[in-house]
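Coordinate analysis (summary)
Now for the letters of each chain:
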Amino acid sequence: MIELPGDDNGLPTFWDPVSRRAASILPSGCDLELHVTDADTGKVVSKYQLPPNAGVPFISFAPANRDRMALFCETGVIVVNPTTGKTVRSFDPENWE
């Protein structure tokens, strides 16, 4: 059994059986932070600070690429590398034409 950060904070955790990683949403001051944990080692492999006003995202791991996950937020979609915690790309629907 893996112990995840924030198991008792009421915020969601998302599991990917292919990469065996979990993405947990945690409070970080007034904002939210995403922690990606590797189930095999039990270690947090990356952290990602969610943008202000993004809300609590729905997270989808990419089935064909271990190094991509999409965060569906109130403010748009953010593609993040779960290994590094860096933004790959973001989409803001207010700027779509």
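Our subject is the structure that appears above.
Residues numbered from 1 in each chain as written. Predicted model: local features only at pLDDT ≥ 70, side-chain atom pairs only at ≥ 80, totals over all residues. Heavy atoms only, no water.

Let's talk about the sheet that holds strand β8 (residues 86-91)
Sheet architecture is open: four strands sit in the order β5-β6-β7-β8, paired in antiparallel fashion. Every other strand in the sheet has two partners, leaving β5 (58-61) and β8 as the edge strands with one partner each. The mean angle between the axes of side-by-side strands here comes to 20 degrees, regardless of whether they run parallel or antiparallel. Judged from the four bridges that link them, β5 and strand β6 (residues 69-73) form a sheet pairing that is antiparallel. (Pairing = 2+ DSSP bridges. Helix = DSSP H or I, 4+ residues; strand = E, 2+ residues; numbered from the N terminus. Axes fitted to C-alpha atoms, helices over the stretch in contact; angles between N-to-C directions.)

Side note on the sheet that holds strand β4 (residues 44-49)
The strand order across the open sheet formed by four strands is β1-β2-β3-β4, and the pairing between neighbours is antiparallel. Each end of this open sheet is capped by a strand with a single partner; those strands are β1 (13-16) and β4. The average angle at which neighbouring strand axes cross in this sheet is 20 degrees, direction not considered. In terms of strand pairing, β1 meets strand β2 (residues 21-28) through four bridges, oriented antiparallel. Residue W15 lies in a different strand from β2, and its bridge partner there is A22.

Some remarks on the environment of I25
Residue placement: I25 occurs in strand β2. The buried category is assigned to I25, whose relative accessible area is 1%. Measuring from C-alpha to C-alpha, the distance between I25 and F58 comes to 10.0 Å, with 33 residues separating the pair along the chain. When near neighbours in sequence (up to four residues on either side) are disregarded, I25 contacts N9, L11, P12, L32, E33, L34, L50, P57 and I59. (Buried < 20%, exposed > 50% of the residue type's maximum accessible area, 1.4 Å probe, protein only. Contact = heavy atoms within 4.5 Å.)

Observations concerning the nonpolar core
Buried together is how nonpolar side chains tend to be arranged in soluble globular proteins. Counting residues in hydrophobic clusters, the biggest one holds 16 residues, and the most contacted among them are L34, Y48, I59, M69 and L71. When contributions to this core are tallied by element, the ones reaching two or more residues are β2, β3 (31-38), β5, β6 and β7 (76-81). The contact partners of Y48, leaving out residues within four places of it in the chain, are L32, E33, L34, L71, I78, V80, G85 and T87. (Core = buried A, V, L, I, M, F, W, Y, C linked by side-chain atoms within 4.5 Å.)

Regarding the pairing of β3
Burial analysis of β3 places seven of its eight residues in the buried class, which makes it a mostly covered element. Here β2 pairs with β3 via eight bridges, running antiparallel. When the sheet's bridge partners are listed, L26 is paired in β3 with E33. Counting the residues in the hairpin turn of β2 and β3 gives two residues, including G29, whose phi is positive at 65 degrees.

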